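Single-letter residue listing:
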Amino acid sequence: MNGSVFRTMATYLEFIQQNEERDGVRFSWNVWPSSRLEATRMVVPLACLLTPLKERPDLPPVQYEPVLCSRPTCKAILNPLCQVDYRAKLWACNFCFQRNQFPPAYTGISEVNQPAELMPQFSTIEYVLQRGAQSPLIFLYVVDTCLEEDDLQALKESLQMSLSLLPPDALVGLITFGRMVQVHELSCEGISKSYVFRGTKDLTAKQIQDMLGLTKPAVPMQQARPGPPQEHPFVSSRFLQPVHKIDMNLTDLLGELQRDPWPVTQGKRPLRSTGVALSIAVGLLEGTFPNTGARIMLFTGGPPTQGPGMVVGDELKVPIRSWHDIEKDNARFMKKATKHYEMLANRTATNGHCIDIYACALDQTGLLEMKCCANLTGGHMVMGDSFNTSLFKQTFQRIFSKDFNGDFRMAFGATLEVKTSRELKVAGAIGPCVSLNVKGPCVSENELGVGGTNQWKICGLDPTSTLGIYFEVVNQHNAPVPQGGRGAIQFVTQYQHSSTQRRIRVTTIARNWADAQSQLRHIEAAFDQEAAAVLMARLGVFRAESEEGPDVLRWLDRQLIRLCQKFGQYNKEDPTSFRLSDSFSLYPQFMFHLRRSPFLQVFNNSPDESSYYRHHFARQDLTQSLIMIQPILYSYSFHGPPEPVLLDSSSILADRILLMDTFFQIVIYLGETIAQWRKAGYQDMPEYENFKHLLQAPLDDAQEILQARFPMPRYINTEHGGSQARFLLSKVNPSQTHNNLYAWGQETGAPILTDDVSLQVFMDHLKKLAVSSAC
Amino acid sequence: MWAPGMMKPAGPLGAAAPGGMLPQGPSPPGPHQFGQSGAHAQGHPPQRFTGPPPVNSAAPVNSAAPSYAPYSPSAQSSYPSPASTSSVTQLGNQFNAMHINSYGSGMAAPVQGPPGPPSAPSFQGPSRPPQPSIMQPGSQVLPPPPTALNGPGASPLPPSTHRQDGLPGPQYQPPPLPGQTLGPGYSPQQAANYGLQMAGGQLAYPGGFPGGPAQMAGPPQLQKKLDPDSIPSPIQVIENDRATRGGQIYATNTRGQVPPLVTTDCVIQDQGNASPRYIRCTTYCFPCTSDMAKQAQIPLAAIIKPFATIPSNETPLYLVNHGENGPVRCNRCKAYMCPFMQFIEGGRRYQCGFCNCVNDVPPFYFQHLDHIGRRLDHYEKPELSLGSYEYVATLDYCRKNKPPNPPAFIFMIDVSYSNIKNGLVKLICEELKTVLEKLPKEEQEETSAIRVGFITYNKVLHFFNVKSNLAQPQMMVVTDVGEVFVPLLDGFLVNYQESQSVIHNLLDQIPEMFADSNENETVFAPVIQAGMEALKAADCAGKLFIFHSSLPTAEAPGKLRNRDDKKLINTDKEKILFQPQTNVYDSLAKDCVAHGCCVTLFLFPSQYVDVASLGLVPQLTGGTLYKYNNFQMHMDSQQFLNDLRNDIEKKIGFDAIMRVRTSTGFRATDFFGGIFMNNTTDVEMAAIDCDKAVTVEFKHDDKLGEDSGALIQCAVLYTTIGGQRRLRIHNLSLNCSSQLADLYKSCETDALINFFAKSAFKAVLHQPLKVIREILVNQTAHMLACYRKNCASPSAASQLILPDSMKVLPVYMNCLLKNCVLLSRPEISTDERAYQRQLVMTMGVADSQLFFYPQLLPIHTLDVKSTTLPAAIRCSESRLSEEGIFLLANGLNMFLWLGVSSPPELVQGIFNVPSFAHVNTDMTLLPEVGNPYSQTLRMIMSIIQQKRPYSMKLTIVKQREQPEMVFRQFLVEDKGLYGGSSYVDFLCCVHKEICQLLN
């Protein structure tokens, strides 16, 4: 506890909160076990949730470039943790201890005249790079035309509306697809012109570029700064045009867009060439604007039914794959389709573009197969029932929302580099990123998530995009860290801002080391159980992508039990004696809900839904992630102001209104009595105005949540006995079920018809296992 | 029958083809010698034709007419030499064994038969002629005719030579006695058994006087040159037929009657046999046995033009509709009800005339018979009383048992740089606006049911959406030429009337849209593929109009390279030039036919474009190939536009299958034309229009009865332009005879030439041209020799005796042999040869007649008051005069030849310029001058142009100016500049062959 920061901190909770607000970082452990062995005994790995572009209205970017450590293998950026010799104009790198000269511009430096990056409050700082020409943002719409008439109409309107939201100099392009894929030329006057591709034929990038007439000399160096678009005005001009030039044209074009004209016979699905359309979109941008900020926005209303990437055949009698089919290895097209989309996703990531998927259909649309496109490129994934819903319309609109500076909340082509002090290594990352395969001295052999590198590419990100980053303590037990030593980590995020500037955000943090044997209490007290729950959940979900569900659950359970064994206070073989300290007390409950969450349970969810939930879970920040794991339940009654209540069936009472937020759904549930009152129309009677207010209160609160969230949650307004009440009933802890209702003999609450174990049973088992010496 | 052997090079024939035809033995055989000795022939030419003046040398020179007089008595008897009687069978055997006539079924025989084609020794056979010693030298020493069909290899004689080597006064030998050779019913006109008599003694021909060998010793003196006027004149034959039968009514009520010549105008009345406009035969009397057929070597063939245009004064085809019952057909052979069905048992049953099967009359069709066993409704039902009629087809006759959709026309325009530059694209687009108003329609309909679509292309394809509700057409570019597909369904094929404004908008924009294009490369196969796929997607048949101008060199299926190689000419590899470069087009054509996609190609080449490859699909899909070399807007647009208009408006049937059924004893074995065959009987045609003919060859498979005759029924199942499925039936009954004379007198030379041309042009793909020419010469000689041997009255062996019906066969045959397809000429490009080859393959008899023997009209003798055409003259330079103006037409080209001393008033009248020297030859249209000369000449030209499938390009030729060289190639009776013998020379050559055969 020697850290100077700590002394000023009242509690760890405040410390954690301050750190999150300033740096967008939450660590599972805020005091680090100082040896490898001890660290592994902590069960929950040393890891953090990093929100690289966390909105910082109070942090104006500096208009110069960062100063780098001169050691070629280090190149850490000058930060407040560096020791500075003002007289000699030297600074020591806190990662490799290299002593560096300040650059000439820093000659005036002194104790009283410090650059921002040396001030402690600038542990996170953003630099604006001055070099390189700016290239406009690119938005390439890829639009499914196999939609119902009103769906297509709604989509067309949304797209037309979006034109007015785009930055005026942004380039837009349009690809439509159905049985064929059409790339629309936007520059021509008179006859509207499009290039048509067969939806069944897989084309290489070269073929696509040849066929579109985009062939030009290969772009040198993948990592190179994008050349000015003026270099190839001809190729870019036909398919990608500045919005301000062609918005009228494009509005007309969208207006004239017809449903796919090819007849669909009875009992067939329309032939939908999503795979080829996406491939052409990727190829088009690859050929024209590599390494430039670009969004490919795929709008689809059904599963791909032909060509590469097809997910299901066009026979309606053959349903799209379910989890059951996948378990039985009966999903004919899944592997091949997944491979196709993975190939596209990887290419897109290499080009620094991102793919959004807006899938609106009542049935599945193949998100399972296509998920990698959004996951690997940092694109959005939106799932709805129809384009003609406010869910889609508002979500889509929100993509183009602006921040306090009037800039779009989107950034492109980011590279995240993590540097660690020598006691630590980087084990991996989980989030909307791909590995850049940079093997440095700080890369761990053991992988957690996407590992084997200390640099990742995040092609599209927004202020809430959050990565889980996992570390490994490598310091050997017999080489203790000197007293007062601190471990440091630097996160360097280079990205293209929506204003098209290149920027670098640098966050440097440090934490105290502690000897786990002598200072276990310190470590325990510095445990961030919320962050830990989310980080563990990310690991679990990451595993669930490749492993069988039950295995993941067993692994989670084992980790939980081990954690309890390590940090619980108990007498051996005496479950009743088991206690957890405050910093761990909520953790088992998170795990209980996580086990039941759609991220790990596929029962009752289609593969698409699972993919959708997991996609969002892997990119939201801590608060949202926690809501996803354990939904929030508010209760409204005449007895007092709205209050959060236990997510438990006992909270479902007849005279209450409940508001549940699961992140994906907002459920308003009227208790039995309330529902009857409403049915009787009391709310319309002047003498029962307070009832009217009671009914209104959760609606207003729900609206507030709806306004802030991306993607728009599904909004469910139901009551006791309503069919949609299942959304609530499936989430609450089944403390009362048909099995124990009478045994408990309580009169309140609602029984849940389930055989799932309740939290109480779960905890009982946990205690039993934790105190057991058998484990 | 060229095909079977030739298509398989490994087969006996293929192996034997070049060499097998040629003797291995010591004595060079006729054809061989014929071909090879041309080079040294010039040293000896006179010796052949030395001899005293002909007996009838006094015959009028200028007019052959008197010698045609049927009854002109003549003391001259043309008995064959003593050897001939025994050699008839010998000759026949020889044919069998040697297969000079490769049309025979026994093409493989050279391997098994006596080794060697006709050589004198082998002719001697068992019954040695009395003067073997004479014959021997005759065949050995006698050189071939001076200007043999040697091609350029044989150095031609100076032009005057042929006048000196005198066939000594040949003349037309009247028949000895009418009764002697004439069968009953032999009409006087036909009886003229004209022979070309040669004074035997002086000629060094076998059977000549002893002492021949002595003559061989040195060049004999030229005693008399052969008078061209004394040899059979095509003009005379045409004029005679016109005089006797022109303007009359020709009723088709008699079996086996020989119709008037194609050049004769008359009114045809269907009385139970198909009009000759639909079917013409090489002979209207078939030999009873195959032996006899082999002996005569006369091809048995019919040239069928099922959709021939019928003049307005003749009755159009009746349409028979049996409702759901569909046509009545024989249960066994499936022949359709026709006048040849014999009703029996009171009308309850009928016997099929083709297979003799007795069928029950379907109840709905029952009718009582009258006292002569004819149905009471005989004259009410077209199918009982007419040779040609149509049935409404039931759903059984439709694809997938669904009524067809109306066909579609797709216009596909090459918009590469050169076409834009020379204004062609603009011209086409402008023209389409008017021509689309004239889409063909069913007579009763107000508007055409045909839908139209548009594609432009260079190395990629642009489809256009011209849906009527669009404000602007939409363009869809398909760049995947490797695997073309149709990018849109709705809006591609539209009704012209409904989408008129969008289409006009499009046609206005196309030239501008590509105005800045500098794309030079084009594709071709993908274009056809695209059109075919579009029709397939729309589930209809149709026609593609492709306007193309360059060798398709862009990377795509069907990509071609320039492989034109003059070095191949006159080698065994010359045939490669006629074969398509890749098999892509062949399989494409197959697909097109399978989907009823007809391809019509307008080519505008400025250099080699490989017509042999590009033209394959149009040919096999029943389309037409039009070619405009070095297209120049001001010169050639009129010709092109006329062709385009004509082609769009043409009567046409789509998605057709033709089946030719015959009565027992013979059957159709080979088919030539714009057709595709997947099996041996079904002739599939993506489309067939009014100008396309299919030539069908027949072979015996049993004896034919004189009583029953030979019956032919040609049924064409097709889709009309309105989208109706119909059956068009043509029936024809022919005689059968066991007398060779009957056979010979029923022949039609025009049809024979049509057949020979098609079979030879088909063989061009597989055989060296030299072999083909030899075969043609040999067969000609055989046909005539057989006649001489079996039918002609005895005469001197030296006499050339031609059957009346084949009088002009030699001259026509010579024209065929001289055609640039069979005989290359340096000024004719490979493309042009491939083009002409293709055209001939689908020609009807009238077109092939004109094509091979052009019409040459003197204009200076024009009677401006008369509307009749002036009498044609023979195609020979000697018929022209410096003071004259002549018009020559062959169906593709028209020449107006101006003699240096053309009458100024005529020049003034036609060209509106003061003199010959002022005439500007740089025009393709005559100026419209308001005087009788101009008007009459232009009227004549339009009459000649009428009914011809191709718009003829007019060239003005001034005597003694360079372009005259081209013109002179069309003077087909003269010796060709680059090889190709004159008529006289050829006649002599044939005569020599005949004489050899006879001995």
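Cut-offs used in this document
- Residues numbered from 1 in each chain as written.
- Chains lettered and ligands numbered in written order.
- Predicted model: local features only at pLDDT ≥ 70, side-chain atom pairs only at ≥ 80, totals over all residues.
- Heavy atoms only, no water.
- UniProt positions renumbered as here; feature names shortened; annotations may be inferred.
- Helix = DSSP H or I, 4+ residues; strand = E, 2+ residues; numbered from the N terminus.
- Salt bridge = Lys/Arg side-chain N within 4 Å of Asp/Glu carboxyl O.
- Buried < 20%, exposed > 50% of the residue type's maximum accessible area, 1.4 Å probe, protein only.
- pLDDT = per-residue confidence, 0-100.
- Contact = heavy atoms within 4.5 Å.
- Phe/Tyr/Trp six-rings, centres within 6.5 Å; stacked < 30°, edge-to-face > 60°.
- Lys NZ or Arg CZ within 6 Å of the ring centre and 35° of its normal.

Peer 1: Describe the UniProt feature "domain: Sec23/Sec24 trunk" (unreviewed entry) in chain B, naming the residues involved and giving the relevant values.
Peer 2: Sequence positions flagged by UniProt for "domain: Sec23/Sec24 trunk" (unreviewed entry) are, in local numbering, residues 404-647 of chain B. Across residues 404-647 of chain B, helical content stands at 33% and strand content at 18%; the span's end C-alpha atoms are separated by 23 Å.

Peer 1: How would you summarise the pattern of salt bridges if you had to cite specific residues and measurements?
Peer 2: All names here are of chain B. Scanning the entire structure with this criterion turns up 78 salt bridges over all chains. Where K650 meets D689, a salt bridge forms, and the shortest distance between an N and an O atom there is 3.6 Å. With K650 in the loop between α25 (633-649) and β20 (652-662) and D689 in strand β23 (residues 683-689), this pair connects stretches of sequence that are 39 residues apart. A relative accessible area of 4% means that K650 is categorised as buried. Taken together, the salt bridges that share partners define one network made up of K543, D647, K650, D689, D691 and K692.

Peer 1: Talk me through the confidence of the model for chain B; I want residue IDs and the actual numbers.
Peer 2: A residue-level look at chain B finds 77% of positions with pLDDT of 70 or above and a mean pLDDT of 80. Counted against residues more than four places away or in other chains, residues 1-224 of chain B, with its pLDDT under 50, gives 450 contacts.

Peer 1: An account of the confidence of the model for chain A is needed here, citing residue identities and associated values.
Peer 2: All names here are of chain A. Mean pLDDT over chain A stands at 89; residues scoring 70 or higher make up 94%. Least confident of the elements in chain A is helix α1 (residues 4-8), whose mean pLDDT is 43; most confident is strand β3 (residues 47-50), at 96. Taken together, the stretch residues 1-9 has pLDDT below 50 and engages in 19 contacts with residues farther than four places along the chain or on a different chain. pLDDT under 50 marks residues 217-235. Its contacts with residues more than four places away, or in other chains, come to 25 contacts.

Peer 1: Go over the packing of aromatic side chains, please, and point to the residues and values.
Peer 2: Here the structure, examined in full by the defined rule, presents 71 aromatic pairs over all chains. Ring centres 6.2 Å apart and planes at 45 degrees place the aromatic pair F638 of chain A and W677 of chain A in the tilted group. Of this pair, F638 of chain A sits in the loop between β25 (632-637) and β26 (640-644) while W677 of chain A sits in helix α19 (residues 672-680); the two residues are 39 residues apart in sequence, bridging distant segments of the chain. According to the relative accessible area criterion, F638 of chain A is partly exposed, its value standing at 40%. Judged by centre distance (4.9 Å) and plane angle (15 degrees), the rings of F411 of chain B and F545 of chain B are stacked. Of the two residues, F411 of chain B is situated in strand β12 (residues 408-414) and F545 of chain B in strand β17 (residues 542-548); the sequence distance between them amounts to 134 residues. Side by side, F411 of chain B and F545 of chain B carry an identical accessibility label, which is buried. In this structure, R375 of chain B packs its charged tip against the face of Y365 of chain B, placed 4.3 Å from the ring centre. Over the aromatic face of F916 of chain B sits the side chain of K958 of chain B, whose NZ or CZ is 5.1 Å from the ring centroid.

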